[in-house]
Amino acid sequence: MHRIRAARAAQKRAARAITARGLAHPLTRLLLAAAATAAAQAWEAGHRVAEIHPAQPERTHHGG
């Protein structure tokens, strides 16, 4: 479970960097690479993608 938590945390850091600095910023690119590495390590350890990215509840849209 440690690898799943690490992958999620790395992805959250990368997403925050994208929002704050943009996709082209060197720090963002570094954090995206770290997130990809963490996800790959979780996968290699036998974790499924659904464990890293749990399914979101289906949203219903009301109105026009």
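Residues numbered from 1 in each chain as written. Predicted model: local features only at pLDDT ≥ 70, side-chain atom pairs only at ≥ 80, totals over all residues. Heavy atoms only, no water.

Chemist: Even after reading the chapter, I still don't get the overall build of the protein chain, so can you show me in this structure?
Modeler: A count of helical and extended segments in the protein chain gives three helices and zero strands. Going from N to C terminus, the protein chain has its helices and strands arranged as α-α-α. For the protein chain, the proportion of its 64 residues judged to be buried stands at 20%. Once local pairs closer than 6 in sequence are excluded, the contacts in the protein chain between residues at least 24 apart make up 57%. As displayed, the protein chain has an accessible area near 5,100 Å², and 58% of this comes from carbon and sulfur atoms. (Helix = DSSP H or I, 4+ residues; strand = E, 2+ residues; numbered from the N terminus. Buried < 20%, exposed > 50% of the residue type's maximum accessible area, 1.4 Å probe, protein only. Contact = heavy atoms within 4.5 Å. Areas by Shrake-Rupley, 256 points an atom, 1.4 Å probe, with all protein chains shown as cover.)

Chemist: Looking at this structure, I do not really get the side chain of H47. What am I missing?
Modeler: Turning to its location among the elements, H47 is positioned in the loop between α2 (26-44) and α3 (49-52). Among residues more than four places away in sequence, those in contact with H47 are M1, R3, I4 and A42.

Chemist: For this particular structure, what's the right way to read the environment of L32?
Modeler: Counting through the fold element by element, L32 comes out in helix α2. Spatially, the C-alpha atom of L32 lies 9.0 Å from that of I18, the residues being 14 residues apart in sequence. In contact with L32, not counting residues within four places along its chain, are A14, I18 and L23.

Chemist: Just checking my understanding: could you explain the nonpolar core for this structure?
Modeler: Proteins that are soluble and globular tend to have nonpolar side chains buried together. In this structure, A7, A10, A14, A17, L31, A35 and A38 together form the largest nonpolar core, which totals seven residues. Mapped onto this core, the elements with two or more residues apiece are α1 (2-21) and α2. Per-element accounting of this core gives the leading share, four residues, to α1. (Core = buried A, V, L, I, M, F, W, Y, C linked by side-chain atoms within 4.5 Å.)

Chemist: Can you help me understand a nonpolar patch on the surface in this one?
Modeler: Among the surface-exposed residues, I18, L23 and L32 lie close enough to one another that they form a single nonpolar patch of about 240 Å² accessible area. Note that I18 resides in helix α1. (Patch = residues over 30% accessible without salt bridge, like charges linked within 9 Å, V, L, I, M, F, W, Y side chains within 5 Å. Salt bridge = Lys/Arg side-chain N within 4 Å of Asp/Glu carboxyl O.)

In short, shape yes, function no, at least from these values alone.
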